[in-house]
Amino acid sequence: MSRIETWNIGFGRIGEKRELKFALEKYWKKESSLEELEKTSAQLRRRHWDYQCAVGIDAISCNDFSWYDQTLDMIVALGLEPERFRTISDPVERYFAMARGDESRPAMEMTKWFNTNYHYIVPELSAALQGRADASGIIARYAEAKAQGIEHPKINLIGPLTFLANAKRPDSPDVDALGLFDRILPLYETLLTQLAQLDEEEIIIQMEEPVFVTDKAAQMGLLIRNAYERLASIDSRLKLYVVSYFDHAVEAARVLAQTPVAGIGLDFLYDEGQNREALQAIADSGKTLIAGVIDGRNIWRTDLDKRLELLESIAQTVPAERVILSPSCSLLHIPFTLRYEEKMDPAVKSYLAFATERLEELNVLNALFRKKSLAESQHQVLEESRCALAKRRESSHVTDPAVQERMKALDTLRRKRKTPFKERIVTQHRRFGYKPLATTTIGSFPQTPELRKMRRDYKEGRIDAETYERYIEEQIKACVEFQERIDLEILVHGEFERNDMVEYFGEQLSGVAFSENGWVQSYGSRCVKPPLIYGDVSRPAPMTVRWSTFAQSLTERPMKGMLTGPVTILNWSFVRDDQPRSETCYQIALAIRDEVDDLQKAGIGMIQVDEAAFKEGYPLRSAKRPEYERFALESFWIATNVAEPETQIHTHMCYSEFNDIIDTIEGMDADVISIETARSGNVLLRIFKERGYEMEIGPGVYDIHSPRVPSVDEMVDQIHALLEVLPPRQLWINPDCGLKTRGWPEVEASLANMVQAVKEVRQEL
Ligand code: GLN
Ligand code: ZN
């Protein structure tokens, strides 16, 4: 085998024009055949392999394509399908039933892949479950890749420890799935034994073990050693490379260095320098190091000169001939290509590199590192890169003196509101006079196809501003009338003007750009197009005041203003890498602060600052959490402490795992928080109670993720359960998230039942 110098951990699969998305959705709607889906899939695989071959990447994955998710593919390869799906004999039908559920079976659970916005299917491992390894799917891909001219297709597998750590045990939810190690490892052994028969030559296996970058790795030493001593000695043709990403994996790397694996992959960009501590052990072991040095999670052009320095310093410990260059993680997490970006400001575009551009960077960096003479095209990439970086450093649309000036005075703003909650809430009750168990919603109301079309038509210039605005006003009016009719007490305007809670604000902020085609897979066929925060952020003009004041003018009842919080905007964007994330977050906070102030000056007395993504920004290593919590909290304070005592600040978070962050939630100092409890019983509420949490809470009383209409009685029961934990004065009654994905009929019925339930319960008080 020729020597491997460059390695791609994985490539996206949804397609640069989201071809897979459309093919899947058509197939699911039974508008196309399986053959058509297969055909599109094969075309995409070929295209993605071609991209990597054309650039000359040495190690290319043959099985990073998936119809839904690579963990689900791993479940299938190990024969670990949950019992309820085993009666489906058709494998394709079974696969999509696991991913999406069918009439009689709920889908498997989905959750975020470490700290990314990609969601994987959670393996369900019951005690009785019998697996059966079957490598035939992988073998087919291997053959396909070889037939298309890939010399040494690399096989990607989710490693056993990550697979187990990410699994759940429905029978015994409190028991760690790692306890099933002895049951799972033999399945991996069988799978690898089958793969060893594939080829006469060496076969490269990439074992992905991102769990090694979490704190759990420290307790896993024995299991890591046991697993990789066994798996790496199955057959001498199999070369195992264990890769981790998203943070440092020092503990695991040191253990792996003492096992027979061929190489160890580490992320040198998101490790804060700590992976250096593993270099000596790797050097002494004589193993290969796969060095993640090109950013697989963000989209800014690489400073190749600086990266070369990083590589050279690594090579002082591990000799260059044993260093392979790779992206920091799979390129699944960034968009495909800049090729179709025609509307973007050319300056901003010149700062970017998406997946295919990343491959070129990898290739050039490799040539520089190996001291090869650069080909003409490589020269060009290097020159363009240097030029763009220099421009970006000096650019006047990256640096905004007014924002810089404000940032200097930030210190005085990093604090809670001056008036403590206990005093504020008295003033607020006096002002609004709402009853205990006040009823409200989280903000958005159904987005109909007609509404979406109007927004699109307006954006693309097919209708004028006046027509559009009149239309939105009508929607708001109908929504306000509806809320009054069913007697909701605290109203919202309905968010009809918003396509997405981050995009809406991103489009109005300076320093933020949008791509036309920068889609990233979130789960299954779903993609997101994150904003690109490239420069100092500011708010040139009010963003929501017009709609909120219009809505308020229609009613005597309080109208909640509705904003997205700074931490959520940060966490759902591609964030500039030329200053700390905290700085960018503070800048967004200042912009939101201005909006809060304008809203209160315009008479909006309740303002909700949504922090839906507060939790997901947490670093994977607990040592790094305090720093995140500090700037996240400070940003929320900066955004909200401009509120007068009589202005009521709400926040909303759509998840229920608060156990470990309750102090921080309390620290946010929001007068009212709405949270998701509908799906998790009232466990969460007890946590708030035990904590002595004093502020007001709206625990969602029904699950908006399902179209089912809960009955009045059901919600009465739910409210009773809440009242067992917290007093009526502290409780608000609302659904557990926004209603934009629901249809009007079920929303009308559910909300009417909710209000009715509150009325019944109030009579008992
Ligand atoms: N206010 C937003 C809405 O109602 C909140 C959405 C969210 O938390 N994801 O849609
Ligand atoms: Zn929510």
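The numbers attached to residues start from 1 for each chain and follow its sequence in the written order. Chain labels run from A onward and ligand labels from 1 onward, assigned in the order the entries are written. Whole-chain, interface and lining totals are the exception, using all residues; otherwise, since this is a predicted model, local features are given only for residues with pLDDT of at least 70 and side-chain atom pairs are given and counted only at 80 or more.

**Student:** What's the story with the overall build of the protein in this structure? I'm lost.
**Tutor:** Along the protein, the regular secondary structure elements total 27 helices and 20 strands. The size measure is the radius of gyration over C-alpha atoms, and the globule rule it meets is 2.2 Å times the number of residues to the 0.38 power. Taking 27 Å as the expected radius of gyration for a compact globule of 765 residues, we find that the protein reaches 27 Å, a close match to that expectation. Counting only C-alpha atoms and orienting by the principal axes, one finds that the protein spans roughly 80 × 60 × 50 Å. Residue burial is a threshold on neighbouring C-beta atoms within 10 Å of the residue's own C-beta, all placed from the backbone, with 20 or more meaning buried, 12 or fewer meaning exposed, and counts in between meaning partly exposed. Every one of the 765 residues in the protein was classed for burial, and the buried ones make up 49%. Here the analysis covers contacts within the protein between residues at least 6 apart in sequence; of these, 78% occur between residues at least 24 apart. Helix numbers and strand numbers start at the N terminus; a helix is a DSSP run of H or I with at least 4 residues, a strand a run of E with at least 2. Here contacts are defined at the residue level, using C-beta atoms placed from the backbone and a cut-off of 7 Å between them.

**Student:** Sorry, what's going on with the UniProt feature "binding site: 5-methyltetrahydropteroyltri-L-glutamate" (unreviewed entry) in the protein here?
**Tutor:** UniProt positions are given in the numbering used here, feature names are shortened, and annotations may be inferred rather than shown by experiment. Mapped onto the present numbering, the UniProt feature "binding site: 5-methyltetrahydropteroyltri-L-glutamate" (unreviewed entry) falls on Arg18, Glu19, Leu20, Lys21, Lys112, Asn117, Arg526, Cys527, Trp572 and Glu616. In summary, the annotated positions, distributed over 599 residues, remain apart in three dimensions as well, the widest C-alpha pair reaching 28.5 Å. Structurally, cysteine 527 is set in strand β12 (residues 526–528). If near-sequence neighbours (up to four positions away) are discounted, cysteine 527 is found in contact with Ile14, Arg18, Lys21, Trp519, Val520, Gln521 and Ser522. Position of glutamate 616 among the secondary structure elements: in the loop between β16 (606–610) and α23 (625–640). The exposure class assigned to glutamate 616 is partly exposed, which follows from the 15 C-beta atoms found within 10 Å. For glutamate 616, the contacting residues outside a window of four places in its chain are Lys112, Asn115 and Asn571.

**Student:** Any chance you could explain the packing of helix α22 (residues 581–601) against α23 here in plain terms?
**Tutor:** A pair of packed helices is captured by two measures, namely the crossing angle of their axes and the spacing between those axes. Here an axis means a line fitted to C-alpha atoms, over the contact stretch when the element is a helix, while the angle between two N-to-C directions is reported on a 0 to 180 degree scale. Here α22 crosses α23 at 20°, and the two axes come no closer than 7 Å. When the axis of α22 is compared with that of α23, the two are roughly parallel. Between α22 and α23 lies a crossing of right-handed hand. Here Ser582, Cys585, Tyr586, Ala589, Leu590, Ile592, Arg593 and Val596 of α22 lie close against α23, whose contacting residues are Phe631, Ser635, Ile638, Ala639 and Thr640. Should an angle fall under 35 degrees it is taken as roughly parallel, and over 145 as roughly antiparallel, whereas 65 to 115 is taken as roughly perpendicular and any remaining angle as oblique. Left-handed is the label given to a crossing in which the near helix is rotated counterclockwise from the far helix by less than a right angle, and right-handed is the label when the rotation is clockwise.

**Student:** I would appreciate a short explanation of unusual backbone geometry in the present structure.
**Tutor:** If a residue is not glycine, its phi is most likely negative; likewise, a peptide bond is most likely trans. Residues other than glycine seldom take positive phi values, yet lysine 30 does so here, at roughly 60°. Its 7 C-beta neighbours within 10 Å are what place lysine 30 among the exposed residues.

**Student:** Help me understand the UniProt feature "active site" (unreviewed entry) in the protein, please; the structure alone is not making it clear to me.
**Tutor:** What UniProt calls "active site" (unreviewed entry) maps, in this numbering, to His705. Within the secondary structure layout, histidine 705 lies in the loop between β19 (696–699) and α26 (712–725).

**Student:** Where do I start with the site of ligand 1 in this structure?
**Tutor:** In this analysis a residue is considered near a molecule or strand if the C-beta atom, reconstructed from its backbone, is found within 6 Å of that molecule or strand. Ile442, Gly443, Ser444, Ala612 and Gly738 are the nearest of the 13 residues found near ligand 1. Classification convention: Asp, Glu, Lys, Arg as charged; Ala, Val, Leu, Ile, Met, Phe, Trp, Tyr, Cys, Pro as nonpolar; all other residues, Gly among them, as polar. Here the shell around ligand 1 is built from residues that sort into six nonpolar, four polar and three charged.

**Student:** How should helix α20 (residues 545–553) be read in this particular structure?
**Tutor:** The α-helix advances 3.6 residues per turn, and as a result positions three or four apart in sequence lie on the same side. All buried positions along α20 are accounted for by Trp547, Ser548, Ala551 and Gln552. Considered in projection along α20, the buried side chains sweep an arc of 130° and stay on one side of the axis. Where α20 is buried, its residues touch α18 (465–485), β14 (560–564) and α22. Working definition: the arc comes from the directions between the helix axis and the C-beta atoms, pointing outward to the latter.

**Student:** Just to check I follow, could you spell out the pairing of β16 for this structure?
**Tutor:** Remark: a regular strand shows side chains that alternate across the two faces of the sheet. Most of β16 sits out of view: five of its five residues are buried. The alternating pattern of β16 places Met606, Gln608 and Asp610 and Ile607 and Val609 on opposite faces, both of which are buried. Two strands qualify as a pair provided DSSP detects at least 2 bridges between them. The sheet contact formed by β14 and β16 spans five bridges and is parallel. Looking across to β16, one finds that threonine 564 is bridged to aspartate 610. Where β16 meets strand β17 (residues 648–653), five bridges bridge the pair, whose relative direction is parallel. Bridging from a neighbouring strand, methionine 606 pairs with glutamine 648 of β17. The path from the first strand over the helix to the second decides the hand: if it runs clockwise while the strands point away from the viewer, the crossover is right-handed. Running through α23, the crossover from β16 to the neighbouring parallel element β17 is right-handed.

**Student:** Would you mind going over the sheet that holds strand β13 (residues 532–538) with me for this structure?
**Tutor:** In space, the three strands of this open sheet follow the order β10-β13-β15, with mixed pairing throughout. At either margin of the open sheet sits one strand with a lone partner, and together these are β10 (510–513) and β15 (574–575). Here two bridges tie β13 to β15, and the two strands are oriented parallel to one another. Across the sheet, the residue bridging to isoleucine 533 is valine 575, located in β15.

**Student:** Even after reading the chapter, I still don't get the environment of threonine 317, so can you show me in this structure?
**Tutor:** With respect to the helices, strands and loops of the structure, threonine 317 is situated in the loop between α11 (304–315) and β8 (323–327). Accessibility expressed as a C-beta count within 10 Å gives 16 for threonine 317, which makes it partly exposed. Sequence separation of threonine 317 and glutamine 280 is 37 residues, and the distance between their C-alpha atoms is 6.2 Å. Once residues lying within four places of it in the same chain are set aside, the contact partners of threonine 317 are Leu279, Gln280 and Ala283.

**Student:** Is there a simple way to think about the pairing of strand β3 (residues 154–158) in this case?
**Tutor:** Burial within β3 is extensive, with five of its five residues counted as buried. The alternating pattern of β3 places Lys154, Asn156 and Ile158 and Ile155 and Leu157 on opposite faces, both of which are buried. Inspection of the sheet shows β3 paired to strand β4 (residues 203–208) by five bridges, in the parallel sense. Of the residues in β4, the one forming a bridge with asparagine 156 is glutamine 206.

**Student:** Sorry, what's going on with α18 here?
**Tutor:** In this scheme, a helix's expected span is set at 1.5 Å multiplied by one less than its residue total. Taking 1.5 Å per residue, 21 residues should reach 30 Å; α18 reaches 30 Å between its end C-alpha atoms and fits that length. Residues Ile472, Gln475, Ile476, Cys479, Val480 and Gln483 constitute the buried set of α18. Projected onto a plane normal to the axis of α18, the buried residues spread over an arc of 130° and lie on a single side. Exposed side chains of α18 directed beyond 90 degrees from the buried face belong to Glu466, Arg470, Glu474, Glu481 and Arg485. Phi turns positive one or two residues past the end of α18, at aspartate 487, with a value near 75°.

**Student:** Looking at this structure, I do not really get the sheet that holds β14. What am I missing?
**Tutor:** Adjacent strands of a sheet pair through backbone hydrogen bonds, lying either parallel or antiparallel. Here five strands make up an open sheet; going across it, the order is β14-β16-β17-β18-β19 and the pairing parallel. A strand with exactly one partner marks an edge of an open sheet, and here the two such strands are β14 and β19. For this sheet, the mean angle separating the axes of adjacent strands, direction not counted, is 20°. Sheet topology places strand β18 (residues 672–675) next to β19; four bridges connect them, and they run parallel. Note on β19: the bridge partner recorded for isoleucine 675 is proline 699.

**Student:** Please clarify how the packing of helix α2 (residues 34–55) against helix α13 (residues 355–369) should be interpreted in this entry.
**Tutor:** Relative orientation of the contacting elements α2 and α13 amounts to 25°, with a least axis distance of 9 Å. Relative to α13, the element α2 lies roughly parallel. Every pair of crossing elements has a handedness; the one defined by α2 and α13 is right-handed. Together, Tyr51, Gln52 and Val55 of α2 and Thr356, Leu359, Glu360 and Asn363 of α13 make up the contact between the two elements. In the contact of α2 with α13, the residues fall into three nonpolar, three polar and one charged.

**Student:** How should I be thinking about the environment of isoleucine 334 in this particular structure?
**Tutor:** Mapped onto the secondary structure, isoleucine 334 falls in the loop between β8 and α12 (346–350). Look at isoleucine 334 and you get buried, because 24 C-beta atoms sit within 10 Å. Residues isoleucine 334 and glycine 692 lie 358 residues apart in sequence; the distance between their C-alpha atoms is 42 Å. With sequence-adjacent residues up to four places away left out, isoleucine 334 is seen in contact with Gly296, Arg297, Ile299, Phe354, Ala355 and Val520.

**Student:** Looking at this structure, how should I read the environment of leucine 164?
**Tutor:** If you trace the backbone, leucine 164 turns up in helix α6 (residues 160–165). Assessed through the 25 C-beta atoms surrounding it within 10 Å, leucine 164 is described here as buried. Sequence-wise, leucine 164 and arginine 393 are 229 residues apart; in three dimensions their C-alpha atoms are separated by 45 Å. Apart from residues no more than four positions distant in its own chain, leucine 164 is found in contact with Ala177, Leu178, Leu180, Phe181 and Ile184.

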